[in-house]
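Here is what each chain is made of, one letter per residue.
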Amino acid sequence: MEIIDAIILGIIQGLTEFLPVSSSGHLELGKAILGADSLPEESLLFTVILHFATALSTLIVFRKDVAEIFKGLFQFKWNEETQFSLKIIISMIPAALVGFFLEDFLEVFFDGAIIIVGIMLLITAVLLYLADLAKTTDKGVSYRSAFVIGVAQAVAILPGISRSGATISAAVLLGVDKSKSARFSFLMVVPLIVGKMAKDLLSGDVNFVGDQAIAMGAGFIAAFIAGLAACTWMIKLVRQSKLSYFAIYCLIVGLIAIAWSIWG
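Computed from a predicted model, the values in this text were never measured in an experiment.

A.B. asks: Describe the environment of Gly 254, and please don't skip the residues or the numbers.
C.D. replies: Among the secondary structure elements, Gly 254 is positioned in helix H11 (residues 243–263). Judged by its relative accessible area of 0%, Gly 254 is buried. Apart from the residues lying within four places of it in its own chain, the contact partners of Gly 254 are Gly 118, Leu 121 and Leu 122.

Next up, the structure:
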């Protein structure tokens, strides 16, 4: 892997993990454009590194929230922080079940199937457009809405369905306040990312290639910086009801991906 390729993929991951345009879908498109559909032995390790970078950027942006959550948890009371943590756990259940039982089935969608990415991006565009039309409310995340948002996250395992777009859209359409929707969407993914990283590292399939250390380090830094910027920016955009801009973007990229897969 060339350093410039690692940086490009890192930026793509960092931006699209938070912006509602599908990180997995854009990584598939990025690999296809760079001719890296089968990044060899370091592929899985590089994916783990990029995910760690975006998880770390989330924790930095929401460091005060995370500190308050842990502070509340260690009070060992049925307080707001404990309830929020339970809602996060509930939201993780659908994606965890899908990942555990359907992992082999889902691999086919991550094998250069650009037309599938294109179709899923069109679905993301529709979700974002509908979310922008939703009325602003001051409702918080309930246990029921946490599960529904978790289902949206599970569906977003498919490349082209934006995780942040699907979860924020689901929350907003359920009547949850837009700022609270973004906060819950970004915090709920951290435990899943950490769990997926642990699973990959313990699987024995991760191979470290010594001469790729610099490239992977460059990818990590690029993903971390891009993640910080995208996460902060996305929170402001959700509050200002500007998701329709991303709906247009997903529509255009989705149509281009479909056209490329058919006539390219």
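A.B. asks: Describe the nonpolar core, and please don't skip the residues or the numbers.
C.D. replies: Among the nonpolar cores identified, the biggest contains 48 residues, and Ile 168, Phe 184 and Phe 186 are the most heavily contacted of them. Ranked by residue count, the leading element in this core is helix H6 (residues 114–133), at 7 residues. Discounting chain neighbours no more than four positions away, the residues touching Ile 168 are Ser 181, Ala 182, Ser 185, Phe 186, Met 234, Val 238 and Leu 243. Leu 9, Ile 12, Ile 49 and Ala 53 belong to the second largest nonpolar core, which has 12 residues in total.

A.B. asks: Explain a nonpolar patch on the surface to me, using residue names and the numbers behind them.
C.D. replies: There is a patch of nonpolar side chains on the surface, built from Ile 93, Leu 97, Phe 100, Phe 101, Leu 102, Phe 147, Val 148, Val 151 and Val 155 and spanning about 830 Å² of accessible area. Only helix H5 (80–106) and helix H7 (143–155) provide two or more residues apiece to the nonpolar patch. The leading source of residues in the nonpolar patch is H5, at 5 residues. One can find Phe 101 in helix H5.

A.B. asks: An account of the side chain of Thr 167 is requested, with residue identities and associated values reported.
C.D. replies: Note on placement: Thr 167 falls in helix H8 (residues 163–173). By relative accessible area, Thr 167 is classed as buried at 0%. Within the structure, the side chain of Thr 167 is placed 2.8 Å from the backbone oxygen of Arg 163, a separation counted as a polar contact. In contact with Thr 167, other than residues within four places in its own chain, are Ile 149, Ala 152, Gln 153, Ser 185 and Met 188.

Cut-offs used in this document
- Residues numbered from 1 in each chain as written.
- Predicted model: local features only at pLDDT ≥ 70, side-chain atom pairs only at ≥ 80, totals over all residues.
- Heavy atoms only, no water.
- Helix = DSSP H or I, 4+ residues; strand = E, 2+ residues; numbered from the N terminus.
- Buried < 20%, exposed > 50% of the residue type's maximum accessible area, 1.4 Å probe, protein only.
- Contact = heavy atoms within 4.5 Å.
- Core = buried A, V, L, I, M, F, W, Y, C linked by side-chain atoms within 4.5 Å.
- Patch = residues over 30% accessible without salt bridge, like charges linked within 9 Å, V, L, I, M, F, W, Y side chains within 5 Å.
- Areas by Shrake-Rupley, 256 points an atom, 1.4 Å probe, with all protein chains shown as cover.
- Salt bridge = Lys/Arg side-chain N within 4 Å of Asp/Glu carboxyl O.
- Polar contact = N/O pair within 3.5 Å; in protein donor to acceptor, adjacent residues only side chain to side chain.

All we've got here are geometric facts, nothing functional implied.
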